[in-house]
Amino acid sequence: MSIDNAKLDAAMADYRTLCAAGDLEAALARLLDAHDVAWPSARLHVLSHLRLIRHQLLRQRSLRGVRFQLLQLCLAAPNSWTGSGPPAR
């Protein structure tokens, strides 16, 4: 399975725009979209989890979200390597 780079780039561009506008919930939704697109690549999948951690720590100040993402990060690369991606949202 391959990565749709155009879709990933669009989701990340939307994420940055929404963050700049202060709409953090919509920005998080777009970041999750980027995560879903990135999962076939272990490197990009892990990077998406790091971005989610940064977003929840620095922008939303959600320690619960950070703890959840740290747990997910432990599973991110193995899930990509074995081909089992995130559940459909």
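This one's a predicted model, so the numbers in the text were calculated from it and none came from an experiment.

Peer 1: Before we go on, may I ask you to explain helix 2 (residues 24-38) in this structure?
Peer 2: In an α-helix, one turn spans 3.6 residues; hence positions three or four apart end up facing the same way. In this model, helix 2 (15 residues) spans 21 Å end to end at C-alpha, consistent with the 21 Å of a helix rising 1.5 Å per residue. Listed as buried for helix 2 are Ala27, Leu28, Leu31, Ala34, His35, Val37 and Ala38. Buried residues along helix 2 sit in contact with helix 1 (5-21) and helix 3 (42-59).

Peer 1: What is the right way to read the nonpolar core from this model?
Peer 2: Side chains of a nonpolar character, in soluble globular proteins, are inclined to be buried together. Core analysis: the largest hydrophobic core is formed by 14 residues, its most contacted members being Ile3, Leu8, Met12, Tyr15, Leu31, Ala34 and Leu44. Only helix 1, helix 2 and helix 3 provide two or more residues apiece to this core. Among the elements that make up this core, the one with the highest residue count is helix 2 (6 residues). With near-sequence residues (within four places) excluded, Ile3 lies in contact with Leu8, Val37, Ala38, Pro40, Ser41 and Leu44.

Peer 1: Help me understand the side chain of His45 in this model?
Peer 2: Looking at the secondary structure, you find His45 in helix 3. With sequence-adjacent residues up to four places away left out, His45 is seen in contact with His35, Ala38, Trp39, Ala76, Asn79 and Ser80.

Peer 1: Looking at this structure, I do not really get the pattern of salt bridges. What am I missing?
Peer 2: Should their charged atoms come close, side chains of opposite charge can pair. Evaluated as defined, the whole model comprises 2 salt bridges. Put simply, Asp33 and Arg30 hold a salt bridge, and the shortest N to O gap is 2.9 Å. Highlighted residues: Asp33 and Arg30, both in helix 2, separated by 3 residues, approximately one helical turn. You can call Asp33 partly exposed: its relative accessible area is 26%. Linked through salt bridges whose partners overlap, the residues forming this network are Asp14, Arg30 and Asp33.

Peer 1: Would you mind going over a nonpolar patch on the surface with me for this structure?
Peer 2: Residues Leu57, Leu58 and Leu63 make up a contiguous nonpolar surface patch of roughly 300 Å² in combined accessible area. Mapped onto the fold, Leu63 is located in helix 4 (residues 63-82).

Peer 1: Even after reading the chapter, I still don't get helix 3, so can you show me in this structure?
Peer 2: Between its first and last C-alpha, helix 3 extends 25 Å over 18 residues, near the 26 Å set by a 1.5 Å rise per residue. Every buried residue of helix 3 is listed here: Ala42, Leu44, His45, Ser48, His49, Leu52, Ile53, His55 and Gln56. Within two residues after helix 3, Arg61 carries a phi angle of roughly 55 degrees, on the positive side.

Peer 1: Whenever I open this one, the confidence of the model for the protein confuses me. Can you help?
Peer 2: A low pLDDT means the predicted coordinates there should not be read in detail. Mean pLDDT for the protein: 82, with 90% of residues reaching 70 or above. Here helix 4 stands out as the least confident element of the protein, with mean pLDDT 77; helix 1 is the most confident, with 92.

Peer 1: Hey, could you run me through the side chain of His55 in this one?
Peer 2: Relative to the helices and strands, His55 resides in helix 3. Look past the residues within four positions of His55 in its chain and what remains in contact with it is Tyr15, Cys19, Leu24, Ala27, Leu28, Leu31 and Gln60.

Rules behind the numbers
- Residues numbered from 1 in each chain as written.
- Predicted model: local features only at pLDDT ≥ 70, side-chain atom pairs only at ≥ 80, totals over all residues.
- Heavy atoms only, no water.
- Helix = DSSP H or I, 4+ residues; strand = E, 2+ residues; numbered from the N terminus.
- Expected span 1.5 Å × (residues − 1).
- Buried < 20%, exposed > 50% of the residue type's maximum accessible area, 1.4 Å probe, protein only.
- Contact = heavy atoms within 4.5 Å.
- Core = buried A, V, L, I, M, F, W, Y, C linked by side-chain atoms within 4.5 Å.
- Salt bridge = Lys/Arg side-chain N within 4 Å of Asp/Glu carboxyl O.
- Patch = residues over 30% accessible without salt bridge, like charges linked within 9 Å, V, L, I, M, F, W, Y side chains within 5 Å.
- Areas by Shrake-Rupley, 256 points an atom, 1.4 Å probe, with all protein chains shown as cover.
- pLDDT = per-residue confidence, 0-100.

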